[in-house]
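Chain residues, written in single-letter form:
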Amino acid sequence: VQLQASGGGLVQAGGSLRLSCAASGGTFSDYVMGWFRQAPGKEREFVAAISRSGSSTAYTDSVKGRFTISRDNAKNTVNLQMNSLKPEDTAVYYCAADLTTIAFSYANNRWSFRYDYWGQGTQVTVSS
């Protein structure tokens, strides 16, 4: 499975960006999809995840109410709509695919080791 993330850029605080991740190879609906981010000098952290059907989602507390994850299994894409962006959201954002976790949950899918495939990352910079 190859994952290609796009949509990053420079935005002012309070602005919005929409990240997209296109998947190729494999059966997209077999994968739980997640977004992670890594800021300079920090460890990679979980942002959001979505179940295989798209019926369930999970978010880290710092983005709840501001970010929305969605997927289109017909188009093999997962999106992350980011609103009310803050300077602390500045990071490289990665999409990832999890084939093996059976039960989708925040507790299961917040861990990066659960994910089998990773995209190359897209830079998001939020200026104050």
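For the structure itself, look to the data block above.
What you see is a predicted model; the values in this text were computed from it and never measured.

A word on the packing of aromatic side chains
Turning to step 1, where the next piece is worked out: All told, the structure shown has 7 aromatic pairs when counted by the stated rule.
Turning to step 2, where the next piece is worked out: Centre to centre, the rings of F36 and F46 are 5.6 Å apart; their planes meet at 75°, and the pair counts as edge-to-face. Highlighted residues: F36 in strand β4 (residues 32–38) and F46 in strand β5 (residues 45–50), separated in sequence by 10 residues.
Turning to step 3, where the next piece is worked out: Cluster of aromatic residues (ring-pair linked, three or more members): F36, F46, Y106, Y115 and W118.
Turning to step 4, where the next piece is worked out: The positively charged end of R44 is found above the aromatic ring belonging to W118, 4.7 Å away from the centroid.
Turning to step 5, where the next piece is worked out: A cation sits over an aromatic face here: R71 above F28, 4.5 Å from the ring centre.

Side note on the sheet that holds strand β8 (residues 77–82)
Turning to step 1, where the next piece is worked out: Taken in spatial order, the 4 strands of this open sheet run β1-β3-β8-β7, and their pairing is antiparallel. Each end of this open sheet is capped by a strand with a single partner; those strands are β1 (2–6) and β7 (67–72). Between one strand axis and the next, the sheet turns through 15° on average, direction left out of account.
Turning to step 2, where the next piece is worked out: Where strand β3 (residues 17–24) meets β8, 6 bridges bridge the pair, whose relative direction is antiparallel. In the strand pairing of β8, L19 is matched with L80.

Focus: the state of the cysteines
Disulfides are covalent bonds that connect the sulfur atoms of two cysteines.
Turning to step 1, where the next piece is worked out: Under the counting rule described, the total for this entry stands at 1 disulfide.
Turning to step 2, where the next piece is worked out: Covalent S-S linkage joins C21 and C95, the inter-sulfur distance amounting to 2.1 Å. The sign of the S-S torsion, about 60°, decides the handedness of the disulfide formed by C21 and C95: right-handed. You can see C21 sitting in strand β3 and its partner C95 sitting in strand β9 (residues 91–98), a full 74 residues away along the chain. This pair shows no difference in class: C21 is buried, exactly as C95 is.

Description of the pattern of salt bridges
Turning to step 1, where the next piece is worked out: The full count for this structure, using the stated rule, is 4 salt bridges.
Turning to step 2, where the next piece is worked out: Between D61 and K64 there is a salt bridge; the shortest N-O distance is 3.1 Å.
Turning to step 3, where the next piece is worked out: Taking relative accessible area as the criterion, D61 reaches 60% and is therefore assigned exposed.
Turning to step 4, where the next piece is worked out: Between D89 and R66 there is a salt bridge, and its shortest N-O distance comes to 2.7 Å. Residue D89 is found in the loop between β8 and β9, and its partner R66 is found in the loop between β6 (57–59) and β7; the two are separated by 23 residues along the sequence. Of the two residues, D89 and R66, neither departs from the other in class, the shared state being buried.
Turning to step 5, where the next piece is worked out: Among the charged side chains, a salt-bridge network with shared partners connects R37, E45, R66 and D89.

Rules of the game
Residues numbered from 1 in each chain as written. Predicted model: local features only at pLDDT ≥ 70, side-chain atom pairs only at ≥ 80, totals over all residues. Heavy atoms only, no water. Phe/Tyr/Trp six-rings, centres within 6.5 Å; stacked < 30°, edge-to-face > 60°. Helix = DSSP H or I, 4+ residues; strand = E, 2+ residues; numbered from the N terminus. Lys NZ or Arg CZ within 6 Å of the ring centre and 35° of its normal. Pairing = 2+ DSSP bridges. Axes fitted to C-alpha atoms, helices over the stretch in contact; angles between N-to-C directions. Disulfide = S-S within 2.5 Å. Buried < 20%, exposed > 50% of the residue type's maximum accessible area, 1.4 Å probe, protein only. Salt bridge = Lys/Arg side-chain N within 4 Å of Asp/Glu carboxyl O.

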